Amino acid sequence: MADRGNKDSLEMDDQGNKKTPDMTDQGNKKTPDMTDQGNKKTPDMADHDSKTQTADMGKNRSPEMADHGNQKSPEMAEEGTKNPPEIADHGNRRPPEIADHGNNHAPEMAGHGSQRTREMSDHRNNSSRMKDLLQPDFQSPTCHQEKAKQAGCSFSTSSSAPPSVAAVSRGPAEREESSWAQEEDGASCCLLDDLKRLPQCSKQLGPLNFSRTHTVLIDLHFFNYEATLKPQEGQDTWSSNFVKMPCSQGSYMTVKAGMSKQVTQVWRWDVISKQLSSLSKKAAVTADDVERAIMKYNPKYKSQWSFDGLSAFLKSVPKVENYFSTLLPKVAALALKLPDHVKKAIPLLQRGRPAAITLSQVQISCLLANAFFCTFPHRNTTSSKAEYYSFPSINFTSLFGNWSGRKREKLRAIMHYFKVVTDDNAKLNGLLTFERCCLRASDAPDWRSCKETLPKLHVTSLGTIETEGTGMLQVDFASSWIGGGVLGSGLVQEEILFLLNPELIVSRLFTEKLEDNECLVITGCQQFSRHSGFGDTFEWAGPHEDCLQMDEWARWQRQIVAIDALNFKHRMEQYNMRHVIRELNKAYCGFKSRGNNEPDIATGKWGCGAFNGDPQLKAVIQLMAAAKANRGLAFFTFQDEELKRGLQQIYHLLLSEGATVEKLYRLLEDFCAVQGRSRDPHGGLFEFISSTIRHSRSQL
């Protein structure tokens, strides 16, 4: 599911299954990487530890300066320790106002307590600063080469081609004497700025158009020729291949009418409209008002659904920021606009069928307002006999019951989204595309014969995928039920991603559970909120103003790929090549280029933590998939210093050997065989690869 921070807790998804976040607890000593490239540092770098060293920036540093041996604070050292609210989701101590912008460290994060320079301490989250952070710099290749040289890296203009290792290659005798310790500077890894991002690598899309596999819910003539967004006219379809809409002519409900309580069928939208219209006219709406309205058109769930969470939320938020009772009438009014904004049937993104849906932000806001008021028919049960059993839930009922601190913070994020989209001055003029991609058997690589060499790699223990990885293809450590426990109690990487970008939640309406060879690519979502923490320490940290550019199809230049890792009940299960191949193909399905000049990939400890994934194995799997996809990789270890150093070292070693995907695959085969033969295996994958290569060298 997700790999964040130091807490490894079980979550429940919205299908009633236990959901275990991909969290890995690391109590290692923290050794932030330092750089000597002037006063301005890259987002993943820590501060120098003294004014004298700062003054000497720009000079080549000695190996002993590569890593500072800072100890983690006591509250971060123990496994499973709860982070205080001011600690962001990856263990960095940051104040709430900058919790989601790892580039702007607070003064207490400056190295060993040294005084920050004025240039670094004066960073703020304004649009001009954010543009600088979100856009790769436009320095000349010469400048990049100089920066790479200072960092001990070679410069290459290709994402797939790693830096040259000619300078570090040695003869057989010298190589035999080398060890991990001599290679721990990670000299072969590239700078974060060397990886490709949007919009610099964006491609020409041409006019937006529909096809047999691409449904567009806005009028293409008005969009392509008049640059306006109008809903596409169409027919209502009450079919198992389409979303059954609350305003559909096929949606009926049974009621008891008249003095005799005679049972009769009525059009369900009539009942919904009456209830929501009443709410929209109120000056303020209470939780009891919401419950009464929802129960009128969902009477069979009266004894099953609870609204104590919503009630406690509305009462718990301080009056100074409690605008929710006056916001709810606006959300009800927005839900009533659904028939005006969505006039064409929405197809389901079903398993085994590659397809895409493009719709507007306004259309999504109407759909989510209806989800809030639980109007979608046939979506209220997870029974194995239910029509939508293989789809995630979409109605918000599970979020309204069983009050907890987690749900309070979730509702704060979601209510902020509705506050923005119901504002009369809101400018929702963007589109989003949701694309289900399938890797056909004929397209699956033969991993034993892949000749591709390793791609560019940047490894860091600082920063986050969603912040420092802005502009790259960002990996959602997903559940096969897209969105995981976002509408329940789950609060790790995927759920947090969906709360910061609530438009992602609409994917649950039409995306069937992902199969082993499938992924979901989402292009164009807008970020509305910031946060700090994860799990029980998660807090909504205020609004976020998106400063990204839009592409030719009016989509925010943010692309997310949802890939679900296997959940291993027993850790040793993953050392089976059948499972390794499944993970390779899943990652490759997500990373595979779908055009020219694609951005590189931002990822991390996918499938680790409570999913019992081996971080070293998952890192190598993703590196192989990226190589096959011809894309560079930014790997965020989320404060895991040991994994960062190990991955840097093994990458350097593999490059010096000219390793290919084929060679790595054979090494994985040997490693899994060794693990399978041993009842109590010792040593990790990196150690196995290193010893195997050293043994091979000694035979020369």
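The structure contained in this document is the topic of the report that follows.

What counts and how
Think of each chain on its own: its residues are numbered from 1, step by step along the sequence as written. It should be noted that, the model being predicted, local features are given only for residues of pLDDT at least 70 and side-chain atom pairs only at 80 or more, the latter also being counted only at that level, while totals for whole chains, interfaces and linings use all residues. Each side-chain value is worked out from all heavy atoms of the structure, with water and hydrogens disregarded. DSSP bridges decide pairing: two strands pair if at least two such bridges lie between them. By the criteria applied, helices consist of DSSP H or I runs no shorter than four residues and strands consist of E runs no shorter than two, each listed in order from the N terminus. Only C-alpha atoms enter the line fits that serve as axes; for helices the fit covers just the stretch in contact. Angles between N-to-C directions range over 0 to 180 degrees. Whether two residues are in contact is decided by their heavy atoms: any pair within 4.5 Å suffices. The span you would expect from a helix comes to 1.5 Å times its residue count less one. Relative accessibility decides the category of a residue: with a 1.4 Å probe and only protein chains considered, values under 20% of the type maximum give buried, values over 50% give exposed, and everything between is partly exposed. Salt bridges are counted wherever a side-chain nitrogen of Lys or Arg sits within 4 Å of a carboxyl oxygen of Asp or Glu. We define a polar contact as two N or O atoms separated by no more than 3.5 Å, with the added condition that, inside protein, one atom must be a possible hydrogen donor and the other a possible acceptor, whereas residues neighbouring each other in sequence contribute only through side-chain atom pairs. Side-chain rings of Phe, Tyr and Trp, where Trp is taken by its six-membered ring, are said to pair if the distance between their centres is within 6.5 Å; with planes under 30 degrees apart they count as stacked, over 60 as edge-to-face, and otherwise as tilted. Any Lys NZ or Arg CZ that is within 6 Å of a ring centre and within 35 degrees of that ring's normal is treated as a charge sitting over the ring. By nonpolar core is meant a set of buried Ala, Val, Leu, Ile, Met, Phe, Trp, Tyr and Cys residues that side-chain atoms within 4.5 Å join together. Note on handedness: a crossover is taken as right-handed if, strands pointing away from the viewer, the path from the first strand over the helix to the second is clockwise.

Description of the sheet that holds strand S3 (residues 214–216)
A sheet is described by the order of its strands in space; here nine strands give the open sequence S3-S6-S7-S10-S13-S9-S14-S15-S8, paired in mixed fashion. The outermost strands of the open sheet, each flanked by one partner alone, are S3 and strand S8 (457–460). Within the sheet, the average angular offset between the axes of one strand and its neighbour, ignoring direction, is 20°. Pairing of S8 with strand S15 (residues 633–636) involves four bridges; the strand directions are parallel. Across the sheet, His458 pairs through a bridge with Ala634, a residue of S15. Helix H16 (residues 493–500) contacts strand S9 (473–478) and strand S13 (559–564) of the sheet and is inclined by roughly 125° relative to S9. Contacting S8 and S15, helix H20 (residues 641–656) runs over the sheet at an angle of about 155° to S8.

Side note on helix H15 (residues 405–421)
For H15, with 17 residues, the first-to-last C-alpha span of 25 Å sits near the 24 Å given by 1.5 Å per residue. Burial analysis of H15 places 13 of its 17 residues in the buried class, the great majority of the element.

Section: the pattern of salt bridges
Counted according to the given criterion, the structure contains 27 salt bridges. Its salt-bridge partner being Glu409, residue Arg412 comes within 3.1 Å of it at the nearest N-O pair. Note that Arg412 and Glu409 are positioned in helix H15 at a spacing of three residues, about one turn of the helix. Residue Glu409 is classed as buried on the basis of its relative accessible area of 3%. Two residues, Asp443 and Arg440, come together in a salt bridge whose shortest N-O distance is 3.0 Å. For Arg440, a relative accessible area of 54% translates into the label exposed. Beyond isolated ion pairs, a larger network of salt bridges with shared partners links Asp516, Asp564, Arg582, Glu583, Lys586 and Lys618.

Here we look at the side chain of Gln363
Turning to its location among the elements, Gln363 is positioned in helix H13 (residues 361–372). In terms of polar contacts, Gln363 uses its side chain to reach the backbone carbonyl oxygen of His341, at 2.9 Å.

Description of the packing of aromatic side chains
All told, the structure shown has 16 aromatic pairs when counted by the stated rule. Relative to Trp481, the ring of Tyr389 lies with its centre 6.2 Å away and its plane at 75°, an arrangement referred to as edge-to-face. You can see Tyr389 sitting in the loop between H13 and helix H14 (397–400) and its partner Trp481 sitting in the loop between S9 and H16, a full 92 residues away along the chain. An aromatic cluster is present here, built from Phe307, Phe372, Phe373, Phe396, Phe400, Tyr417, Phe418 and Phe528 joined pairwise through their rings. When the ring centre of Phe222 is taken as reference, the NZ or CZ atom of Lys230 above it lies at 4.2 Å. Geometry around Tyr388 places Arg379 over its ring, the cationic atom sitting 4.5 Å from the centre.

Some points on the pairing of strand S5 (residues 262–267)
Little of S5 sits out of view: just zero of its six residues are buried. In this structure, strand S4 (residues 252–257) lies alongside S5, joined through six bridges in antiparallel fashion. Following the sheet pairing, Ala257 is matched in S5 by Gln262. Where S4 folds back on S5, the antiparallel hairpin that results is connected by four residues, among which Gly258 adopts a positive phi of roughly 75°.

Here we look at the nonpolar core
Counting residues in hydrophobic clusters, the biggest one holds 88 residues, and the most contacted among them are Ile294, Phe373, Phe418 and Phe510. Once residues within four sequence positions are removed from consideration, Ile294 is found in contact with Trp305, Phe307, Phe372, Phe373, Cys374 and Phe400. Residues Ala634, Val661, Phe686 and Ile689 belong to the second largest nonpolar core, which totals 67 residues.

A few points about the pairing of S15
Burial along S15 is two-sided: Leu633 and Phe635 and Ala634 and Phe636, pointing in opposite directions, are all buried. Sheet topology note: the strand S14 (residues 601–604)/S15 ladder contains four bridges and is parallel. Pairing of Ile601 across the sheet is with Leu633, part of S15. Once you follow S14 into helix H19 (residues 615–629) and on to S15, the crossover reads as right-handed.

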